[in-house]
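# Examining the three-dimensional arrangement
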Number of protein chains: 2
Amino acid sequence: MDRTELSSLGEFGLIKHLTEHITINQKSTVLGAGDDAAVISETGEQSLVTADMLMEGVHFDLAYVPLKHLGYKAAVVNFSDIYAMNGRPEQMVVSLGLSNRFSLEAVEELYAGILLAAEVYGVDLVGGDTVSSKAGLAISITVIGKAPEEKVVYRKGAKNKDLVVVSGDLGAAYLGLQILEREKAVFESTPGVQPDLEGYDYILQRQLKPEARKDVVELLSQLGVQPTAMMDISDGLASDMKHICDQSNLGVHLYEDKLPIDPTVVSAAEDFRLDPTMCALNGGEDYELLFTIAQSDYDKIKGNPHLTVIGHMEEGSAPLLIARDGSAHEIQAQGWDAFKTESEEES
Amino acid sequence: MDRTELSSLGEFGLIKHLTEHITINQKSTVLGAGDDAAVISETGEQSLVTADMLMEGVHFDLAYVPLKHLGYKAAVVNFSDIYAMNGRPEQMVVSLGLSNRFSLEAVEELYAGILLAAEVYGVDLVGGDTVSSKAGLAISITVIGKAPEEKVVYRKGAKNKDLVVVSGDLGAAYLGLQILEREKAVFESTPGVQPDLEGYDYILQRQLKPEARKDVVELLSQLGVQPTAMMDISDGLASDMKHICDQSNLGVHLYEDKLPIDPTVVSAAEDFRLDPTMCALNGGEDYELLFTIAQSDYDKIKGNPHLTVIGHMEEGSAPLLIARDGSAHEIQAQGWDAFKTESEEES
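The structure displayed is predicted, hence computed values, not measured ones. (Residues numbered from 1 in each chain as written. Chains lettered and ligands numbered in written order. Predicted model: local features only at pLDDT ≥ 70, side-chain atom pairs only at ≥ 80, totals over all residues.)

### Thoughts on the domain arrangement of chain A
All names here are of chain A. Counted only if it meets this: Domain delimitation follows an automatic or database domain assignment. A residue pair is marked as a contact if its C-beta atoms, positioned from the backbone, fall within 7 Å. Secondary structure follows DSSP: runs of H or I at least 4 residues long count as helices, runs of E at least 2 residues long count as strands, and numbering of each begins at the N terminus.
Looking at chain A, the domain boundaries give domain 1 (6-151) and domain 2 (155-346). One C-alpha centre belongs to domain 1, the other to domain 2; they are set 26 Å apart. Contact residues are listed per partner, giving 16 residues for domain 1 and 18 residues for domain 2. In terms of residue count, helix α2 (residues 67-83) provides more of the side of domain 1 that touches domain 2 than any other element does, nine residues in total.

### Some details on the sheet that holds strand β2 (residues 38-40) of chain B
Selection criterion: Note on pairing: two strands pair once DSSP finds at least 2 bridges between them. Angles here are taken between N-to-C directions and fall from 0 to 180 degrees, while the axes themselves are lines fitted to C-alpha atoms, restricted in helices to the stretch in contact.
Across the sheet, six strands lie side by side as β5(A)-β4(A)-β6(A)-β3(A)-β2(B)-β1(B); this open sheet has mixed pairing. Each end of this open sheet is capped by a strand with a single partner; those strands are β5 (124-132) of chain A together with β1 (29-31) of chain B. On average, adjacent strands in this sheet sit at an angle of 20° to one another, irrespective of strand direction. In the sheet, strand β3 (residues 46-55) of chain A pairs with β2 of chain B via three bridges, with the strands oriented antiparallel. Considered in β2 of chain B, the bridge of Leu48 of chain A is made with Val39 of chain B. Seen against the sheet, α2 of chain A touches β3, β4 (88-98) and β6 (138-147) of chain A and runs at an angle of roughly 30° to β6 of chain A.

### Some details on the interface of chain A and chain B
Put simply, the rule is: When residues are grouped by polarity, Ala, Val, Leu, Ile, Met, Phe, Trp, Tyr, Cys and Pro land in nonpolar, Asp, Glu, Lys and Arg in charged, and all others, Gly among them, in polar.
On the chain B side, the residues contacting the 64 residues of chain A number 64 residues. A total of nine residues in the side of chain A that touches chain B trace back to one element, the largest contributor, which is β3 of chain A. Looking at the side of chain A that touches chain B, its residues break down into 27 nonpolar, 21 polar and 16 charged.

### As for the relation of the copies chain A and chain B
Note the threshold: The fit set for superposing copies consists of C-alpha atoms from residues with pLDDT of at least 70 in both; the fit itself is least squares.
The transform that puts chain A on chain B rotates by 180° and translates by 0.0 Å along the axis, for an RMSD of 0.0 Å. Within this description, the copies of the chain are treated as partners about a two-fold rotation axis. Taken as a fraction of all interface residues of chain A, those also at the interface in chain B reach 98%, which identifies the copy contact as same-surface.

### With respect to the nonpolar core
What counts here: Residues enter a nonpolar core if they are buried, belong to Ala, Val, Leu, Ile, Met, Phe, Trp, Tyr or Cys, and are joined to the set through C-beta atoms within 7 Å. In this scheme the burial state of a residue depends on its C-beta neighbours within 10 Å: 20 or more other such atoms mean buried, 12 or fewer mean exposed, and anything in between means partly exposed; the C-beta positions come from the backbone.
Within the largest apolar cluster, 211 residues are counted, with the highest numbers of intra-cluster contacts made by Ala75, Met92 and Ile114 of chain A together with Ala75, Met92 and Ile114 of chain B. Residues in contact with Ile114 of chain B, not counting those within four places in the same chain, are Gly71, Ala74, Ala75, Val94 and Leu125 of chain B.

Structure, rendered in structure tokens:
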């Protein structure tokens, strides 16, 4: 495979090379990359702004994450935050810190993933920064979206007795990570052995190439359902549910037997001697939407295969999980925590 | 000095600690940090978006840059890009990658600098990301500004015979860096020796605590001058002038004897056996505004101590510097280039 050193292009050359084939699709994008700032026209709506930073060795491991997948995921997780406000992502700015370990071809792969996500979700890449890094790859993405003022959904809006709904299913992304880490360990101890990934297609895809639930936001609009509170599940259902509870000043009752878990997740969890419920509660990175709706909206979503009612908001209660045997357990947020994880690894 | 480990707070704890004293001043900020995305109301103007990423060891050296100054500068250089579009910065999102080398107290210093800049320029910090890094400090900032559509100034708008104007003076920030690097080398060879920074106040401040020319944008508005093209000088006058030439499809004649250079820059350049003109042309990081105006606007800016006419746009010409002896030299962009610098350092 060809290897072109980044230093042979220089900073301006690299930026020009990466951005010259970018297409602009949003009507609101007046000017993309190439000036001091991008220019976005008014639409009469509110703007939504979200940012995420991903650091090599903390958020991803290039030993098993292909660069194109990494770029795709880095973009999609930001789009997911905009959908979680009931908005549409329209523009993104991408800043990359690149060590000289990366060739131009490697950066093109990463960029191809970012641009594929932009194309799939109809988002314009309108600028950013591309700089040198002394150590590893850093990816920082900011996404700007739009929504009519009356459509924006906050975490704080849940009302007592509102139904708690989740899209898709939970726990698969976490198990995908377990499989990738297991196969990496096998490979490191026995180089040359082929990874055993058979039968894990769905859960690997959920980890490596997650999608944001644009379709669910559009579906809710079509059904005439305005969520009262919403967020995306990035840290895990338990951790994220607690954000809605805290900000809405309410407790919740979630029912273990209602949690949507794919059959392949149940069997993979058994392989790893993990409890599927714990994977669904604390796994994170599913990028499903977690939202609350008025009980009067129940008939509009009933029976929809993309949506599952998993509980209801409950004033004066702690956040509780009602287990299959009827026992109640306070939900602990054991979501992914970069700083604590790092300190544990060192101890 | 106290040292509190970041791991003792965890990711959510750190973000909460850093963001709990943020005040919101812009009328357009509907919601700042704390939800999936910040929410910004419409103003009937265009939005301007710019981003910069700073990596430790490439863009700054913590051996001689105080963290508070670093935070201030990281914010200000982004505000400068918005002013360079003739806009007003209103919101910013800040993403930090922090290794465990940094204590909570160190992060607070960095954040204090960012928040001071936000306060001085009236910009709201509305979100971002705070993550763990395996190596060094990464700072990624995105700033969103506003301007009425008819006020936005692009790089491409210069017309033949337009006057080229620069604010303030040039070359000081580059010499400030030379002094800091010299004193660092002295300190490393003879630990304990105090740095010799006397008489260098102005040029050190230009390097360590640059300001964005908000005042110049406001002045031009008061004077009724609408620049035809504008950008800020971050890579150096030569490199940045060429951007305006390229995008406006014009050449330029700049006059060496017109370049605004502070007397302390001339004497510091002599100390380092550097040509002050070269410092002004290629030094970079001055964050002055470089813009073009119609000749008919000359009377409006004539004699203003903040503004210097340094040349004019010239159709069919190369970008030229006319030296004091009348000889013409093609302007070479030798601006700061992270990737080339890195490869040169290694060779």
